[in-house]
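# Close look at the chain arrangement
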Amino acid sequence: PRRYASAMGDAGLRLRPGAQHVVHVKQHDVKGRILVASKDFAEGEMLMWERPLLEVQPEASEQCQVILEMEGSWDCSYRYPGLFYWAALQSLSLSEEDQSLALQLHRPHRPKAEPGEDVRAVLEALGMEGLEAMMEDLLQIWIFNSLRSDDKL
């Protein structure tokens, strides 16, 4: 099956030998943490790799199907593709350590954004009320820190 989101990074980041002297992490006002190189690299040259905190793809579970079926329905207009809501929901099951790492990732709304009506509708449909603030935070983290498996780098 095609993977739409393959996950939030920053767990186990490894630079290739020698890259740590020419690649530096900087804070960008809009994009969050970015890598800045002080030299040119050849196309396709590997600079780093990292283990994703969580990989997500659609599945046949009832919860996933509820979320994906709500996408585009008249009573729940999603701000983002449905898989991002599924990814945020799956993030609630991360270990405490990995969830702490995830919550350190970039999102433009700090302090936390007010949960959207779409987040409230999803959690209500799943009988999971009370997690709206955390779900909104994780949704924003996924939006700004994930790659699709078919994304061009």
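Below or above, wherever it landed, is the structure these notes cover.

Cut-off values and rules
Residues numbered from 1 in each chain as written. Predicted model: local features only at pLDDT ≥ 70, side-chain atom pairs only at ≥ 80, totals over all residues. Heavy atoms only, no water. Helix = DSSP H or I, 4+ residues; strand = E, 2+ residues; numbered from the N terminus. Buried < 20%, exposed > 50% of the residue type's maximum accessible area, 1.4 Å probe, protein only. Contact = heavy atoms within 4.5 Å. Core = buried A, V, L, I, M, F, W, Y, C linked by side-chain atoms within 4.5 Å. Axes fitted to C-alpha atoms, helices over the stretch in contact; angles between N-to-C directions. Parallel < 35°, antiparallel > 145°, perpendicular 65-115°, else oblique. Left-handed = near helix turned anticlockwise from the far one by under 90°. Nonpolar A, V, L, I, M, F, W, Y, C, P; charged D, E, K, R; others polar. Patch = residues over 30% accessible without salt bridge, like charges linked within 9 Å, V, L, I, M, F, W, Y side chains within 5 Å. Areas by Shrake-Rupley, 256 points an atom, 1.4 Å probe, with all protein chains shown as cover. Salt bridge = Lys/Arg side-chain N within 4 Å of Asp/Glu carboxyl O.

## So, the overall build of the chain
In terms of helices and strands, the chain carries five helices and four strands. Walking the chain from its N terminus toward its C terminus, one meets helices and strands in the order β-β-β-β-α-α-α-α-α. Taking all 153 residues of the chain together, 34% fall into the buried category. Sequence-distant contacts in the chain: of pairs separated by 6 or more residues, those separated by 24 or more amount to 70%.

## Examining the nonpolar core
By size, the foremost hydrophobic cluster in this structure holds 27 residues, and its most contacted members are Val56, Ile67, Tyr85, Trp86, Leu89, Val122 and Met135. Among the secondary structure elements, those contributing two or more residues to this core are helix H1 (62-70), helix H2 (82-91), helix H4 (117-125) and helix H5 (132-145). When residues in this core are grouped by element, the largest group, seven residues, is from H2. In this structure, Met135 is in contact with Tyr85, Ala88, Leu89, Val119, Val122 and Leu123, ignoring residues within four places of it in sequence.

## Some details on the packing of H4 against H5
Two elements in contact, H4 and H5, have axes separated by 10 Å at closest approach and are oriented at 120°. When the axis of H4 is compared with that of H5, the two are oblique. Crossing of H4 against H5: the hand is right-handed. Contacts from Val119, Arg120, Val122 and Leu123 in H4 reach Glu132, Met135, Glu136 and Leu139 in H5. Its residues assigned to classes, the contact of H4 with H5 shows five nonpolar, no polar and three charged.

## A few points about the side chain of Asp98
Position of Asp98 among the secondary structure elements: in helix H3 (residues 96-102). The exposure class assigned to Asp98 is buried, which follows from its relative accessible area of 15%. Residues in contact with Asp98, not counting those within four places in the same chain, are Arg51 and Leu53.

## With respect to a nonpolar patch on the surface
A contiguous nonpolar patch, built from Val25, Leu35 and Met48 and spanning about 240 Å² of accessible area, is present on the exposed surface. Locating Leu35 in the fold gives a position in strand S3 (residues 32-37). The class for Leu35 is partly exposed, based on a relative accessible area of 38%.

## Focus on the pattern of salt bridges
Applying the stated criterion across every chain yields a total of four salt bridges. The shortest N-O distance in the salt bridge between Arg120 and Glu114 comes to 3.1 Å. Of the residues examined, Arg120 reaches a relative accessible area of 29% and is grouped as partly exposed. Residue Arg120 is joined to Glu117 by a salt bridge in which the shortest nitrogen-to-oxygen separation is 3.6 Å. Here the residue Arg120 and the residue Glu117 both occupy positions in helix H4, the gap between them amounting to three residues, near one helical turn. Shared partners join several salt bridges into a network, and the residues in it are Arg79, Asp118 and Glu136.

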